[in-house]
Amino acid sequence: MDQLGGPPDVADLLRAAAHACREELTRRWAASQAQDRARSGSAVRRVHYLSMEFLIGRSLGNALAALGLAEPLAELLAGRGVSLPDLLEHEADAALGNGGLGRLAACFLDSFAELGLPSFGYGLRYRYGMFTQRIRDGQQVEQPDDWMRDGNPWEVARPERRFPVGFGGSVTADGERRRWIPAERLVAAAYDLVVPAHHGGRTSTLRLWQATSADSIDLEAFRRGDQAEAGRPLVAADMLNWVLYPDDSTRAGRLLRLKQEAFLVGASLQDIVEREFSERGTLDDFSRRNAIHLNDTHPALAPAELMRLLLDEHGFEWSAAWALTRQVVSYTNHTLMPEALETWPLEMFGQLLPRHLEIVYEINERFLADVRRQFAGDEAMAGRVSLIDESGERRVRMAALAIVASNKVNGVSKLHSELMVQTIFADYAKIFPERFHNVTNGVSPRRWLMQANPGLAAAIDGAIGPAWRRDLTRLSALKRLAGADTFLGEVAAAKQHNKERLARLVRAELGIAVNTRSLFDVQVKRIHEYKRQLLNLLHVVARHQAIVAGAPLQPRTVFIAGKAASAYQQAKLIVRLAHDIAAAINDDPRSSALLKLVFVPDYDVGLAETVIPATDLSEQISTAGTEASGTGNMKFALNGALTIGTWDGANIEMAQAMGEENMFVFGLRVAEVQALKAGGYEPARYLEREAALQRAFAAVADGDFSPGEPERYRTLTDELLHRDTYMLMADFGAYVDAQARVDELFAKPAAWTARAVANVAAMGSFSSDRAVAEYAERVWRPPPQP
Ligand code: 26Q
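Residues numbered from 1 in each chain as written. Predicted model: local features only at pLDDT ≥ 70, side-chain atom pairs only at ≥ 80, totals over all residues. Heavy atoms only, no water.

### A few points about the overall build of the chain
Each helix and strand in the chain was counted, giving 33 helices and 24 strands. Computed over C-alpha atoms, the radius of gyration of the chain comes to 27 Å, within 12% of the 28 Å expected from 2.2 N^0.38 for 786 residues, which places it in the range of a compact globule. Across its three principal directions, the C-alpha atoms of the chain cover 85 × 75 × 65 Å. Every one of the 786 residues in the chain was classed for burial, and the buried ones make up 60%. Here the contacts in the chain between residues at least 6 apart in sequence split such that 76% fall between residues at least 24 apart. For the chain, the accessible area works out to roughly 30500 Å², and carbon and sulfur atoms hold 52% of it. Placing the 89 positive and 100 negative side-chain charges of the chain at their respective mean positions leaves the two points 3 Å apart. (Helix = DSSP H or I, 4+ residues; strand = E, 2+ residues; numbered from the N terminus. Rg over C-alpha atoms; globule rule 2.2 N^0.38 Å. Buried < 20%, exposed > 50% of the residue type's maximum accessible area, 1.4 Å probe, protein only. Contact = heavy atoms within 4.5 Å. Areas by Shrake-Rupley, 256 points an atom, 1.4 Å probe, with all protein chains shown as cover. Lys, Arg positive; Asp, Glu negative; His and termini not counted. Charge placed at Lys NZ, Arg CZ, Asp CG, Glu CD.)

In structure tokens form, the structure reads like this:
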């Protein structure tokens, strides 16, 4: 450490702390692996969770808590004048994911460990994670996220776990078998992250693949003096792990993304099959001992790759291989937006993965033959459900592949799962009615309550004891305490403490002073039109106008944070508008005591851990039918924020769990959205009817917030006026009314806190432990023995 006797360097301290944890983590990991190898074949399957994203965040705080090392380390550091919470803030945030889907995968790993499920997460070891968001002149600028700059003390290289992964080339006949001769060969090398349980000492493993070149150097080219050519294999390998693809709402087929997906799947499936072989010496029990789960369609090549391994490498017959594949694969869908469904140009697919394309064709042929038999009267059915989209440029439909190859397909909230079978997958649900079900998402109570909000956690311990820490459903015992003054006082004090912490951060980072007694109104999530940050902004403008006109409103600070995909122009414009509005209103002496707008840059897991516990009001305001589940909504309520929300995603189940009277529900419901659209929606009409909307809209459209450039927000205001795809105009009035109800309650602090407690008490079933237990029971349970 500080060899020269100077003050310890934070990077050194972090490394030392991580290494202290590593030893014990490795011991627990080895013990768990040994237990899993020795498990009896038919009791539990080993789960393999394939995901292009794992939004892990920081690891030290979690590891210390899991190992019971937080207190001793805090004492040790205090002796050196360092505070543990300050040290934790310095760890890089591992952002190997875009948002909800990636964070869900990270919460699930945490629950795999806690439940002691034999399990592996499989992902890619991206060199650059989700970009860093900087704001220059009010606009988003993306910077590369060099998260491993100081190394990664948590990863364990496993040089012995290496597998070749091929691309391109051709397929030849080899007797009965097919043989793929790839043109390009990479080698996948494993790096493991140990995921510890907080009780019981079990671990899960996140295995991240790193591409390396099979041939480090093209010696022939090197001798010719062509160094660029000689090093090409190395560069090609590096490209693969280069960067996480952003979710940019348009699924332009890019070859590198497909290669990343194929690489993840190729490496993971070989690893899984090899492990079974080394443990059993046969694949006979494979489907009773293994489950493979697809986190959306991104790893949907997995069934094709498994078929290839079984047919071409292990000599299976088609029907046996297919039966096995069908038993092990399952799939979760995370979005209903038809434009977000992943498809790949057939030509690109065939060039990169010629053998997989043959397999996809054969799966399709057999599937469509069944469909034609089952739906003899419906000529068009086969075309609609085919794995190949024949309209226009031919494309492979990844969702079709995932559904046809899976034994179970689920959505992530009740509403989403219902809409899934009524809309995008209606035909498949007719063909395979028993395959579709729902598993509502959940979040890790360890990261999102115990670690992020120690003050509230301690208050809960004091009120109902610590049993809730192992079984979140025990939070329901808090229901009786919504009138207990001491407890309410402790909850309010914890909230105030967290608000002050956030205020310090905002002051230090942005130079903005906020009133910590004002209502903290927060919307943090990816910037997307359907999530309607623009509706939030229109309310801020209307509120400002009302205050200027003399309305005696409650003091409020509105926080917004989130990244816009770099290619998503409308989202970027919303970020800019937030900054322009903040600049116009924050220093307005007529309103600044009552209203501030703060855009907090570079939203990531670490920032979420600070912001969410400090929130009074959680904004969950997507157009009904668009947000598959949401998981931020759960984190906020678990931390005692009240929700203002639409009847969408998991908001609905949350409202039902806590009682609708404990949530500020507003806006059109799905059926009303559909009816309004069907009847010819005219957004401009709402301007005529609602003066407040007219004034707020006009301020943006007339350039009040972009002096000298009145056209700056033209594409936003034109969309609202002429299309309004996400029906902001229709919901604005109801939203403002709901905000007035929020103000009214916030003026009565004890009543507000009692509602906050009612929220926390109802969140017991929104733990990822519950969600994972449901998957284990309904999806990953061993199939019945023949
Ligand atoms: C696909 C192809 C190419 C490039 C990027 C992508 C891509 C990447 C990420 C497509 C989608 C995503 C992410 C989707 C996502 O986060 N969905 C969210 O999943 C959460 C967990 O289930 C839900 O709670 C959210 O409602 C849902 O929006």
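### Considerations on the packing of helix α11 (residues 302–313) against helix α14 (residues 354–374)
Packed helix pairs are specified by the crossing angle of their axes together with the interaxial distance, meaning the distance between the axes. Where α11 meets α14, the axes come as close as 9 Å, and the angle between the chain directions of the two elements is 95°. Taken together, the axes of α11 and α14 lie roughly perpendicular to each other. Residues A304, E305, M307, R308, L311 and D312 of α11 pack against R355, H356 and I359 of α14. Residues that form the contact of α11 with α14 fall into these classes: 4 nonpolar, 1 polar and 4 charged. (Axes fitted to C-alpha atoms, helices over the stretch in contact; angles between N-to-C directions. Parallel < 35°, antiparallel > 145°, perpendicular 65-115°, else oblique. Nonpolar A, V, L, I, M, F, W, Y, C, P; charged D, E, K, R; others polar.)

### Points about the sheet that holds strand β16 (residues 395–397)
The strand order across the open sheet built from 3 strands is β14-β16-β15, with neighbouring strands paired in antiparallel fashion. Among the strands making up the open sheet, the edge pair consists of β14 (343–345) and β15 (388–389). Looking at chain direction, β15 and β16 are connected through 2 bridges and run antiparallel. Its bridge partner being in β16, I388 is matched across the sheet by V396. (Pairing = 2+ DSSP bridges.)

### Observations regarding the packing of aromatic side chains
Considering all chains together, one arrives at 17 aromatic pairs under this definition. For the pair Y49 and F108, a centre-to-centre distance of 5.8 Å together with 65° between the ring planes defines the contact as edge-to-face. In this pair, Y49 is assigned in strand β1 (residues 46–50) and F108 in helix α5 (residues 100–115), connecting sequence segments 59 residues apart. No difference in accessibility class separates Y49 from F108, as the two residues are buried. An aromatic cluster of at least three residues, connected via ring pairs, comprises Y49, F108, F112, Y775 and W780. Geometry around F167 places K259 over its ring, the cationic atom sitting 5.1 Å from the centre. The lysine or arginine in question, R669, covers the ring of W647, its NZ or CZ lying 4.1 Å from the ring centre. (Phe/Tyr/Trp six-rings, centres within 6.5 Å; stacked < 30°, edge-to-face > 60°. Lys NZ or Arg CZ within 6 Å of the ring centre and 35° of its normal.)

### Topic: unusual backbone geometry
Of note in this structure, D724 is not a glycine but carries a positive phi near 50°. With respect to the secondary-structure elements, D724 resides in the loop between α30 (714–722) and α31 (728–746). Among the residues examined, D724 registers a relative accessible area of 1% and is labelled buried. Located in the positive-phi region is M727, a residue other than glycine, with phi close to 55°. With respect to the secondary-structure elements, M727 resides in the loop between α30 and α31. Look at M727 and you get buried, because its relative accessible area is 0%.

### Examining helix α23 (residues 569–585)
Compared with the 24 Å implied by 1.5 Å per residue over 17 residues, the 24 Å span of α23 between its first and last C-alpha is a close match. Counting buried positions along α23 gives 14 out of 17 residues, so the element sits mostly inside the fold. (Expected span 1.5 Å × (residues − 1).)

### Things to note about the site of the ligand
Residues in close proximity to the ligand total 19 residues, the closest being L101, H334, N441, E627 and G630. Protein chains shield 91% of the accessible area of the ligand, which is 610 Å² for the free molecule. It is α5 that contributes the most residues to the shell around the ligand, 3 residues altogether. Among the residues making up the shell around the ligand, the classes are represented as 6 nonpolar, 8 polar and 5 charged. (Near = heavy atom within 4 Å.)

### Concerning the pattern of salt bridges
Scanning all chains against the criterion turns up 61 salt bridges. Salt-bridge contacts for E89 lead to R501; the nearest nitrogen and oxygen are separated by 3.5 Å. One end of the pair, E89, is in helix α4 (residues 84–89); the other, R501, is in helix α21 (residues 485–510), with 412 residues separating them in the sequence. For E89, a relative accessible area of 35% translates into the label partly exposed. The shortest N-O distance in the salt bridge between R397 and D389 comes to 3.6 Å. (Salt bridge = Lys/Arg side-chain N within 4 Å of Asp/Glu carboxyl O.)

### Some words on α14
Over its 21 residues, α14 runs 30 Å from end to end, which matches the ideal 30 Å to within 8%, given 1.5 Å per residue. Turning to α14, its buried residues number three or more, namely P354, R355, H356, L357, I359, V360, I363, N364, F367, L368 and V371.

### Quick word on the pairing of strand β8 (residues 170–174)
Both β8 and strand β9 (residues 177–181) contribute to a ladder of 5 bridges, which runs antiparallel. Pairing of S170 across the sheet is with I181, part of β9.

Coordinates in, geometry out; function isn't part of it.
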